[in-house]
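The residues making up each chain are set out below.
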Amino acid sequence: MASSPTDIPLMPEFRDNPFINRLPPQLSQRKAWQFLSDPPEFSPAERTYPIHLRMNCLYRLRRFFEPLEHHLRLESAFSVLLRQGYVSRNPLQTDYIRRLQDGHERILARDLTAGRHYVGGTAEGFALIGASGAGKSTAINRILSYYPQVITHDEPFSLQQVVWLKLDCPHQGSPKQLCMHFFQELDLALGTRTFAQFGKTRNPVDLMMAQMAQLANRHALGVLIIDEIQHLTLAKGVGRDALLNFLVTLINTIGIPVITIGTMGALSLFQDDFRQARRANGLGCAVWERLRPGSAWDHFVEVLWKYQWTRQETPLTDEIRQILYEESQGVIDVLIKLFMLAQLQVMEQSAFRNTPEVMDARLFRETAARHLKIIEPMMRALKTNNQREIGKYDDLRPLDSHVWQVFQNAMPQPESFLPPAPDLDSEKDRESDEVDPLIGALVQVGLASDLATLMAAKVRALHPDASVLDLIGYVPALLQEPAQAAPKKGNRPARKKAPRKPAVSRISDIAREGQEAGRSGEESLIAAGLVRRPHFGDAALC
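Along each chain, the written sequence defines residue order, and numbers are assigned to residues from 1. Totals for whole chains, interfaces and linings use every residue, but because this is a predicted model, local features are given only for residues with pLDDT of at least 70 and side-chain atom pairs only at 80 or more, for both listing and counting. Side-chain metrics rest on all non-hydrogen atoms present in the structure, leaving aside hydrogens and water.

### Quick word on the packing of helix α5 (residues 94-109) against helix α9 (residues 205-218)
- Here, axes are lines fitted to C-alpha atoms. For helices the fit covers the stretch in contact, and angles between N-to-C directions go from 0 to 180 degrees. A run of H or I in DSSP counts as a helix once it spans at least four residues, and a run of E counts as a strand once it spans at least two, with each numbered from the N terminus. Look at α5 against α9: their axes get within 9 Å of each other, and the N-to-C directions meet at 165°. Comparing the axis directions of α5 and α9 gives the class roughly antiparallel. By crossing handedness, the relation of α5 to α9 is classed as left-handed. Together, Tyr-96, Arg-99, Leu-100, Gly-103, His-104, Arg-106 and Ile-107 of α5 and Leu-207, Ala-210, Gln-211, Gln-214, Asn-217 and Arg-218 of α9 make up the contact between the two elements. An angle below 35 degrees is read as roughly parallel, one above 145 as roughly antiparallel, one from 65 to 115 as roughly perpendicular, and any other as oblique. Crossing handedness follows the turn of the near helix against the far one: under a right angle anticlockwise gives a left-handed crossing, and clockwise gives a right-handed one. In what follows, residue pairs with any heavy atoms lying within 4.5 Å of each other are defined as contacts.

Structural data, given as structure tokens:
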């Protein structure tokens, strides 16, 4: 039977402990599943939306999370780890004061093992190792969202309790870098300035570690989570061992529970050292492998399959279920992205070819071949079950960036998916209301509107297939023809005048010079100030 919130303070080890009693109540499995579940918004009516709107609907699947059995076990383990870590740190007991006194002596001695009092701890460690894309970070973030990060106590003491703090493991495997990350995250949670006070790079690492341990004690840190612990496998020198020893010290000496999260590449960190393995397995070392064909896989696919934004709803068949597994190899993150991309692809095909938006096995194969190339080495290693190769490819972030880019490239051009059939009558009406760009350009360079209209009609009749810029180049010849054919008046010889270059000839020269300089004719005319830059409603060249 699930416990009610009033049952928790009555448990003997939790009684009269403000750090535990101010926490939210522990969740039953049913309530944990309801809280962790994060289904996207969906309505069958959205299938009738235009493509560019349905693409936004598809992107909701990025946040999709369906809890499975191992996610519920993780929530339960975290709940127990957090509360048991506080059992030996009751602020109403003298042991808590002794811990703070020992912390002060450790700072003075710059030694985490210093201290006059021995206070037994109840903290344990927990390691979560799993394949990339299995939902480790998503699950832990969902669990953390249930607990307030900071709880303020006013009675019978004044204290800001930090329930949890989550850090990324430094790439260099440096304890100093970890301490600096700790100070930064603590400042974000509390609004303090501990990084400016203790995070200076010139401070020795032993002093920073002692300060970090004391701050964790002072603010009653419930759980410290270190994500991406596999970064330690790349650490050089003694950094890797120093950081692992530091984490063990936090658990043993300071009494802070520590959860480490990493990919399969992190297994060697705990298998090489018996002491590390023992501390990591205080409450178990959960290893999440990719899903295998079975009830869990079938359940997840069936839940995911409901979220179709294609115009036609496709039923789930055994063939599709098998293809989805072959192309995703049971990696949840790959499965979700493949499902998103396949729907996007069938929408695009339907717009261009006017075909039904139906998903089949061939579509998923084509989508995988087209969009999953970026993780092809990893998928090939999974298909062949080559453990050595799998260890090399444990990062799916490039795929996430690739999917984001695919949607970004598609979203700005929704009209290109389905070009409307031209309405000739409406186009004629629209053209009659718009100013001819050729006439507008000729008027701008000094021709009267009636002459510009006449020249535009003549030059278009002579060169019906020419572009606007080419037509402008033909206008000077038409302007000179009347002058050459005009009869002379009287017998008085005409006074010779310097030939006046027509205004339109200048346009041709500017356009030609611009082309020689590598610019378009339009850019050259705009730079010369003869044509305004086009915009909606403008009659300039476009």
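### Focus: the pattern of salt bridges
- Here, a salt bridge means any Lys or Arg side-chain nitrogen found within 4 Å of an Asp or Glu carboxyl oxygen. Counting across every chain of the model gives 13 salt bridges.
- Here Glu-46 ties to Arg-60 by a salt bridge, and the two come within 3.2 Å at their closest N and O atoms. Here Arg-60 lies in the loop between α3 (51-58) and α4 (69-87) and Glu-46 lies in the loop between α2 (29-36) and α3, a separation of 14 residues in the sequence.
- Under the scheme applied here, a residue whose accessible area is under 20% of the maximum for its type counts as buried, over 50% as exposed, and between as partly exposed, the area being computed with a 1.4 Å probe on protein chains only. The class for Arg-60 is buried, based on a relative accessible area of 18%.
- As a salt-bridge pair, Asp-333 and Lys-337 come within 2.7 Å of each other at their nearest N and O atoms. In this pair, Asp-333 and Lys-337 both sit in helix α15 (residues 332-353), four residues apart, roughly one turn of the helix.
- A residue is classified by how much of its surface remains accessible, and Lys-337, at 6% relative accessible area, is buried.
- Within the structure, one salt-bridge network assembled from shared partners comprises Asp-298, Glu-302, Asp-318 and Arg-321.

### A closer look at the environment of Phe-182
- Residue placement: Phe-182 occurs in helix α7 (residues 175-190).
- Judged by relative accessible area, which is 1%, Phe-182 ranks as buried.
- Residues Phe-182 and Leu-165, 17 residues apart in the sequence, show an inter-C-alpha distance of 8.0 Å.
- Ignoring sequence-local partners within four residues, the contact set of Phe-182 consists of Leu-165, Leu-167, Met-212, Leu-215, Ala-216, Leu-221 and Leu-224.

### Quick look at the sheet that holds strand β7 (residues 285-288)
- Between any two strands, pairing holds if DSSP finds at least two bridges. Strand order across the open sheet formed by five strands is β4-β5-β6-β1-β7, with parallel pairing between neighbours. Edge positions in the open sheet fall to β4 (164-168) and β7, since each of these has one partner strand only. Within this sheet the neighbouring strands show an average axis-to-axis angle of 15°, counted without direction.
- Taken together, the five bridges between strand β1 (residues 125-130) and strand β6 (residues 258-262) define a ladder with parallel strand orientation. The residue of β6 that forms the bridge with Phe-126 is Ile-259.

### Examining the pairing of β6
- The element β6 is largely enclosed, with a buried count of five among its five residues.
- In this sheet, β6 lies alongside strand β5 (residues 223-227) in parallel orientation, the contact comprising three bridges. The residue of β6 that forms the bridge with Leu-224 is Val-258.

### Observations regarding the pairing of β1
- With six of six residues buried, β1 lies mostly within the body of the structure.
- Burial along β1 is two-sided: Gly-125, Ala-127 and Ile-129 and Phe-126, Leu-128 and Gly-130, pointing in opposite directions, are all buried.
- The pairing of β1 with β7 spans four bridges and is classified as parallel. Paired with Gly-130 across the bridge in β7 is Trp-288.

### Comments concerning the confidence of the model for the protein
- Known as pLDDT, the predictor's per-residue confidence is scaled from 0 to 100. Residues with a pLDDT of 70 or more make up 71% of the protein, whose mean pLDDT is 78.
- In the predicted structure, residues 1-9 sits below a pLDDT of 50 and forms eight contacts with residues beyond four places in sequence or in another chain.
- This model gives residues 534-542 a pLDDT under 50, and the stretch forms 20 contacts once residues within four places in sequence are excluded.

### As for the packing of α7 against α9
- For the pair α7 and α9, the least separation of the axes is 9 Å and the interaxial angle reads 35°. In this structure, α7 crosses over α9, and the sense of that crossing is left-handed. Judged by residue contacts, Pro-175, Lys-176, Cys-179, Met-180, Phe-182, Phe-183 and Leu-186 of α7 engage Val-205, Met-208, Met-209, Gln-211, Met-212, Leu-215 and Ala-216 from α9.
- Polar here means any residue other than Ala, Val, Leu, Ile, Met, Phe, Trp, Tyr, Cys and Pro, which are nonpolar, and Asp, Glu, Lys and Arg, which are charged; Gly is therefore polar. Tallied by class, the residues present in the contact of α7 with α9 amount to 12 nonpolar, one polar and one charged.

### Side note on the packing of aromatic side chains
- Pairing of aromatic rings covers Phe, Tyr and the six-membered ring of Trp, with a centre-to-centre limit of 6.5 Å; geometry is then stacked below 30 degrees between planes, edge-to-face above 60, and tilted otherwise. Scanning all chains against the criterion turns up 15 aromatic pairs.
- Judged by centre distance (6.1 Å) and plane angle (75°), the rings of Phe-19 and Phe-157 are edge-to-face. Here the residue Phe-19 occupies a position in helix α1 (residues 18-21), and Phe-157 occupies one in the loop between β2 (150-153) and β3 (159-162), the gap between them amounting to 138 residues. Like Phe-157, Phe-19 is buried.
- When the centroid spacing of 6.1 Å and the interplanar angle of 45° are considered together, the rings of Trp-305 and Phe-364 count as tilted. Residue Trp-305 is located in helix α13 (residues 295-305), and its partner Phe-364 is located in helix α16 (residues 361-371); the two are separated by 59 residues in the primary sequence.
- We classify Trp-305 as buried; its relative accessible area is 7%.

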